[in-house]
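Summary of the model geometry
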Amino acid sequence: MSKATELIDRYALGPATLEYAVHGLTDEQARAKPGPGAWSIAELVAHLADSDVVASDRMKRVIAEPNPSLLAYDENAWNDRLQMQDAPLDLAVALFAANRRWTERILRACSDEDFARSGIHSETGRKTLADLVATYVGHLDHHLKFLYAKRANLSVAIQPRYTFPIV
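The text that follows walks through the structure, step by step, so that each part is easy to find.

**Overview of the packing of helix α1 (residues 3-12) against helix α8 (residues 129-153)**
- Close contact between α1 and α8 brings their axes to 10 Å; oriented N to C, the two are set at 35°. When you trace α1 past α8, the crossing you get is left-handed. Between α1 and α8, the contacting residues are L7, R10 and Y11 on the first element and A130, V133, A134, V137 and D141 on the second.

Dropping the structure here:
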């Protein structure tokens, strides 16, 4: 299995991982701000959805265009000005999942040469396609630590989605 395939496989696990992480939350729990960090779970998930859409745009530019510009954005301004505290959690999760699945399809069609293509990020410089995919695999992992800590601070355990009969 190639390194790119392993990376895409990890990227593709993102939707199920996020769906699991928010499963069973009430709207009140999703909007509470128990810490760590200043954002609620709803804001955090909206950020993940938005940032993944931006990441997909960056990835597609690197695949399709020669040495494209990859613009940074102010995540706190997006959170505040786009009223992410009011964003429906289920829509944010659905957007994240649909975008990841769409981008996964594109990534699986890429060659090793495509993963070596690059663009110039306005803050962090040259980024290859492989760098971008790895960054967003790590981005989800980074924010899940906060999400799970917030759940713990709310005393909201993950509820099993399935029950199995005891035989």
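Next comes the rest of the description.
**A look at the pairing of strand β3 (residues 125-128)**
- Pairing analysis gives four bridges linking strand β2 (residues 118-121) to β3, with the strands arranged antiparallel. When the bridges of β3 are listed, S118 appears paired with T128.
- Between β2 and β3, which pair antiparallel in sequence order, lie three residues.

**Remarks on the side chain of D114**
- Mapped onto the elements, D114 comes out in helix α7 (residues 112-116).
- Of the buried charged residues, D114 lacks a salt bridge, with R117 as the closest side chain of opposite charge at 4.8 Å.
- A distance of 2.9 Å separates the side chain of D114 from the backbone nitrogen of S111, its partner in a polar contact.

Scoring rules and cut-offs
Residues numbered from 1 in each chain as written. Predicted model: local features only at pLDDT ≥ 70, side-chain atom pairs only at ≥ 80, totals over all residues. Heavy atoms only, no water. Axes fitted to C-alpha atoms, helices over the stretch in contact; angles between N-to-C directions. Helix = DSSP H or I, 4+ residues; strand = E, 2+ residues; numbered from the N terminus. Left-handed = near helix turned anticlockwise from the far one by under 90°. Contact = heavy atoms within 4.5 Å. Pairing = 2+ DSSP bridges. Buried < 20%, exposed > 50% of the residue type's maximum accessible area, 1.4 Å probe, protein only. Lys, Arg positive; Asp, Glu negative; His and termini not counted. Salt bridge = Lys/Arg side-chain N within 4 Å of Asp/Glu carboxyl O. Polar contact = N/O pair within 3.5 Å; in protein donor to acceptor, adjacent residues only side chain to side chain.

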